[in-house]
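Each chain is listed here by its residues.
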Amino acid sequence: MTALTIVHQTELHRFVVQDQQQIVAVMTYSPTGDDQLIIDHTEVDPAYGGQGLGHRLVEAAVDFARASGRKIQPLCPFVASVLKQKGEACADVF
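Attention in this report is confined to the structure presented alongside it. (Residues numbered from 1 in each chain as written. Predicted model: local features only at pLDDT ≥ 70, side-chain atom pairs only at ≥ 80, totals over all residues. Heavy atoms only, no water.)

On to the overall build of the protein chain, then. When helices and strands are tallied, the protein chain shows two helices and five strands. Listed N to C, the secondary structure of the protein chain is β-β-β-β-α-β-α in terms of helices and strands. Against the compact-globule benchmark of 12 Å for 94 residues, the protein chain has a radius of gyration of 13 Å, which places it among compact chains. Counting all 94 residues of the protein chain, 36% fall into the buried class. Counting only contacts in the protein chain whose residues sit at least 6 apart along the sequence, the fraction spanning at least 24 positions is 43%. Carbon and sulfur atoms make up 51% of the accessible area of the protein chain, which totals about 5,200 Å². (Helix = DSSP H or I, 4+ residues; strand = E, 2+ residues; numbered from the N terminus. Rg over C-alpha atoms; globule rule 2.2 N^0.38 Å. Buried < 20%, exposed > 50% of the residue type's maximum accessible area, 1.4 Å probe, protein only. Contact = heavy atoms within 4.5 Å. Areas by Shrake-Rupley, 256 points an atom, 1.4 Å probe, with all protein chains shown as cover.)

Here the focus is helix H1 (residues 53-68). The terminal C-alpha atoms of H1 lie 23 Å apart, and with 16 residues this matches the ideal 22 Å at 1.5 Å per residue to within 8%. Where H1 is concerned, the buried positions are Leu53, Gly54, Leu57, Val58, Ala60, Ala61, Val62 and Ala65. The inward-facing, buried residues of H1 contact strand S1 (4-9), strand S2 (14-19), strand S3 (22-32), strand S4 (36-44), strand S5 (71-74) and helix H2 (77-86). Note on H1: the residue one or two positions beyond its end, Gly69, has a positive phi of about 70°. (Expected span 1.5 Å × (residues − 1).)

Next comes the structure, spelled out in structure tokens:
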């Protein structure tokens, strides 16, 4: 099994999980000004389901939001659910 890599493609406003060069999961966002990210979509290839890739994408977005001083506005129901589950651990960005 190969290592999966999370890549932040800033020019495309998305985080992706790659298996070698193949994109197997994606989360898209729109930056609004310098203080907010609107996350609108998360998708994982069904062949990679159940491995926590969606959660890893949310963690990458949270890390980015913290580092850039932004708040996350989750339009994607999956992201909203994960952030609510994490509660206080993500309160600074949600």
